[in-house]
Amino acid sequence: MRDVLFSIGGINVYAYGTAVAAAVLLGVIWVGWATTKKRIVNFDHLLDLALPVVIWAIIGARLLYVLLELSIYLKDPISILYLPDGGLSFYGAVIGGFLAGYRYSKKSGLPLWPIADQVALYLPIGYAIARIGCLLHGCCYGVPTDLPWAMRCAAGDSLLRHPTQIYAIIASLFIFAVLWLYRKHHYFSGFLFWLYVELYVLTRFVIEIFRDSQILAFGWLRTTQVACLIIALAVFFYMRWAMKNSVEKVSNAPVHLDS
């Protein structure tokens, strides 16, 4: 692991922060290119949307992480501001970013769900890049194991562990492949976004089995896994309803015959 990539004038540049910044920058460029090419929204309007989304995604990610680790931060409240040390919740980032995007889109009249679909295509790649930062930083690591692919992937100890950061990267690349196959779908607007959420929580549920330092909720189920199950069920039923509703609209649409 190499948390500090390099130093400039005595200022350290950290792997975790660099990975997250690279993910955000590449995401804005990719989504901007895609939405402009498809004539969903022009690049200037997308930049106006991206600013509050990114800001609130970071705020949401930090707030949820702090809430989950509240007992630690109550002992040292000022450490809440130490973002270079890591500690961001992806769930919080999605919630904060989505709410900011929803509010801005409604206020400015931008097409929320077509943009969300394009963002969903990028998210797995951005998430994978961020997890590289986790691997270098030594956070989000797995439980000790003697499996052949075990790694010393936790900051502060030399135990061989499940490299759950790499598991997450592999899962994200799989999700990206699935979304790419469905990118030309003819379902409802927002389908790719909700498909991403569904695939993410299902793969996250599995990865959490091997994660360390997680709070048990019910028996062997961890808090994050319970959240995954609830979200997965809710999104599944919503997608079924939305797909059925879109099919009914198509079937009930008037047919225009040539005279």
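Residues numbered from 1 in each chain as written. Predicted model: local features only at pLDDT ≥ 70, side-chain atom pairs only at ≥ 80, totals over all residues. Heavy atoms only, no water.

**What to know about the overall build of the chain**
In terms of helices and strands, the chain carries eight helices and four strands. If you list the helices and strands of the chain from N to C, you get β-β-α-α-α-α-α-α-α-β-β-α. Every one of the 259 residues in the chain was classed for burial, and the buried ones make up 41%. Sequence separation of at least 24 residues holds for 62% of the intrachain contacts in the chain that already meet a minimum separation of 6. Of the roughly 15300 Å² that the chain leaves accessible, carbon and sulfur atoms contribute 70%. (Helix = DSSP H or I, 4+ residues; strand = E, 2+ residues; numbered from the N terminus. Buried < 20%, exposed > 50% of the residue type's maximum accessible area, 1.4 Å probe, protein only. Contact = heavy atoms within 4.5 Å. Areas by Shrake-Rupley, 256 points an atom, 1.4 Å probe, with all protein chains shown as cover.)

**Thoughts on the packing of aromatic side chains**
Counting across every chain of the model gives 22 aromatic pairs. With 5.4 Å between their ring centres and 70 degrees between their planes, Phe 236 and Phe 237 make a pair best called edge-to-face. Relative accessible area serves as the criterion here: at 40%, Phe 236 is assigned to the partly exposed category. Aromatic pair Tyr 238 and Trp 241: ring centres 6.0 Å apart, planes at 35 degrees, arrangement tilted. Of this pair, Tyr 238 and Trp 241 are both found in helix H8 (residues 223-251), three residues apart, which corresponds to roughly one turn of the helix. Each member of the aromatic cluster is reached from another via a ring pair, and the members are Phe 98, Tyr 102, Trp 113, Tyr 182, Tyr 187, Phe 188, Phe 191, Phe 193, Trp 194, Tyr 238 and Trp 241. (Phe/Tyr/Trp six-rings, centres within 6.5 Å; stacked < 30°, edge-to-face > 60°.)

**Remarks on unusual backbone geometry**
Note on backbone geometry: most residues besides glycine have negative phi, and most peptide bonds are trans. Of note, the phi angle at Arg 39 is positive, near 60 degrees, even though the residue is not glycine. Counting through the fold element by element, Arg 39 comes out in the loop between helix H1 (15-37) and helix H2 (43-68). Judged by its relative accessible area of 78%, Arg 39 falls in the exposed class. A positive phi angle is found at Cys 140, which is not glycine, with a value near 60 degrees. Following the sequence through the fold, Cys 140 ends up in the loop between helix H5 (112-137) and helix H6 (164-181).

**Observations concerning the pattern of salt bridges**
Per the counting criterion, the structure on display carries four salt bridges. Between Arg 161 and Asp 157 there is a salt bridge; the shortest N-O distance is 2.8 Å. Residue classification places Arg 161 among the buried positions, given a relative accessible area of 5%. Here Arg 211 makes a salt bridge to Glu 208, at a shortest N to O gap of 3.3 Å. (Salt bridge = Lys/Arg side-chain N within 4 Å of Asp/Glu carboxyl O.)

**Looking at the side chain of Glu 208**
Along the polypeptide, Glu 208 turns up in helix H7 (residues 191-208). For Glu 208, the side chain forms a polar contact with the side chain of Arg 204, separated by 2.6 Å. (Polar contact = N/O pair within 3.5 Å; in protein donor to acceptor, adjacent residues only side chain to side chain.)

**A closer look at the environment of Val 41**
Within the secondary structure, Val 41 is located in the loop between H1 and H2. Given a relative accessible area of 8%, Val 41 falls into the buried group. Taking the C-alpha atoms as reference, Val 41 lies 7.3 Å from Leu 110; in sequence the two are 69 residues apart. The residues contacting Val 41, other than those within four sequence positions of it, are Thr 35, Thr 36, Leu 46, Leu 110 and Ile 115.

**Quick look at helix H4 (residues 90-108)**
Compared with an ideal rise of 1.5 Å per residue, which puts 19 residues at 27 Å, H4 spans 26 Å between its outermost C-alpha atoms and is within 8% of the ideal. Taken from the residues just after H4, Gly 109 is the one with a positive phi, measuring 80 degrees. (Expected span 1.5 Å × (residues − 1).)

**Observations regarding the nonpolar core**
Leu 179, Trp 194, Leu 195, Tyr 196, Tyr 200 and Met 239 are the most contacted members of the largest nonpolar core, which has 33 residues in total. Elements supplying a minimum of two residues to this core: H4, H5, H6, H7 and H8. Per-element tally for this core: the top contributor is H7, with 12 residues. When sequence neighbours within four positions are dropped, the list of residues in contact with Tyr 200 reads Phe 90, Tyr 91, Tyr 127 and Ile 175. In this structure, Ala 23, Val 31, Leu 46 and Ile 129 belong to the second largest nonpolar core, which totals 10 residues. (Core = buried A, V, L, I, M, F, W, Y, C linked by side-chain atoms within 4.5 Å.)

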